[in-house]
Amino acid sequence: MVWSALLAVVLSVVGAEPGEPCSVLTGGESQIVAKTNEARLAAGLPPLVVDCVLMGSSRRHARRMAAEAALFHSAGVAENVAAGQPFADGAVRTWLGSSGHRANMMSRRYTRIGVAGYISADGKAFWVQQFR
């Protein structure tokens, strides 16, 4: 699938709850969604659609990990976390190289995604993908 079509999927944001703001994705966030969907499409799976609620949850979680300079999971959500990759595509490559993380990304059960990346005070990147 061509980049413009992937970008259209990335920007077709849905799932906002009343009062839940859903801002435009950052460049890193767009890259995570696009690279994840490229892998899904190459495997014959439908692309994931960006979900505003998951975006908010992912952003809060990535921000907290960066503030605490620690990698940890949220409870009750299908999630991939990573730390130390300076760019979004590196985080996606790391996840795709891990069987458990890859299983989340390639699951037919999931149709929606939220993502985020934050930099800690010492300059380390923290990345999150959440699925439903």
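Please read these numbers as outputs of a predicted model, since none were measured by experiment. (Residues numbered from 1 in each chain as written. Predicted model: local features only at pLDDT ≥ 70, side-chain atom pairs only at ≥ 80, totals over all residues. Heavy atoms only, no water.)

A positive phi is found at Ala 69, a non-glycine position, where the angle reads about 50°. By the secondary structure assignment, Ala 69 is in the loop between helix 3 (52-68) and strand 2 (78-83). A relative accessible area of 49% means that Ala 69 is categorised as partly exposed. (Helix = DSSP H or I, 4+ residues; strand = E, 2+ residues; numbered from the N terminus. Buried < 20%, exposed > 50% of the residue type's maximum accessible area, 1.4 Å probe, protein only.)

All right, on to the sheet that holds strand 1 (residues 49-50) then. With respect to topology, 4 strands assemble into an open sheet ordered 1-3-4-2, the strand pairing being mixed. Pairing within the sheet leaves two strands with one partner each, and these edge strands are strand 1 and strand 2. Bridging between strand 2 and strand 4 (residues 125-131) involves 6 bridges; their strand directions are antiparallel. Bridge assignment links Val 81 to a residue of strand 4, and that residue is Val 128. Its contacts with the sheet put helix 3 on strand 1, strand 2, strand 3 (112-119) and strand 4, and the angle it makes with strand 3 is roughly 25°. Those strands touched by helix 5 (residues 99-106) are strand 2 and strand 4, and its axis lies near 130° from that of strand 2. (Pairing = 2+ DSSP bridges. Contact = heavy atoms within 4.5 Å. Axes fitted to C-alpha atoms, helices over the stretch in contact; angles between N-to-C directions.)

By secondary structure assignment, the location of Arg 40 is in helix 2 (residues 27-42). The side chain of Arg 40 is buried and forms no salt bridge, while Glu 38, the nearest opposite charge, is found at 12 Å. Reaching out from Arg 40, the side chain makes a polar contact with the backbone oxygen of Met 105 at a distance of 2.8 Å. Among residues more than four places away in sequence, those in contact with Arg 40 are Leu 45, Pro 46, Pro 47, Leu 48, Met 105, Met 106, Ser 107 and Tyr 110. (Lys, Arg positive; Asp, Glu negative; His and termini not counted. Salt bridge = Lys/Arg side-chain N within 4 Å of Asp/Glu carboxyl O. Polar contact = N/O pair within 3.5 Å; in protein donor to acceptor, adjacent residues only side chain to side chain.)

Before going further, it helps to examine the environment of Leu 96. The residue Leu 96 is located in helix 4 (residues 88-96) in this model. By relative accessible area, which is 22% here, Leu 96 ends up partly exposed. Sequence separation of Leu 96 and Thr 36 is 60 residues, and the distance between their C-alpha atoms is 8.6 Å. Every residue in contact with Leu 96, bar those within four places of it in the chain, is listed here: Ala 39, Arg 102, Met 105 and Met 106.

Another point: the packing of aromatic side chains. Per the stated rule, a full pass over the model turns up 1 aromatic pair. On the numbers, 5.6 Å between centres and 25° between planes, the contact of Tyr 110 with Phe 131 is stacked. With a gap of 21 residues between them, Tyr 110 in the loop between helix 5 and strand 3 and Phe 131 in strand 4 connect regions that are remote in the sequence. This pair shows no difference in class: Tyr 110 is buried, exactly as Phe 131 is. (Phe/Tyr/Trp six-rings, centres within 6.5 Å; stacked < 30°, edge-to-face > 60°.)

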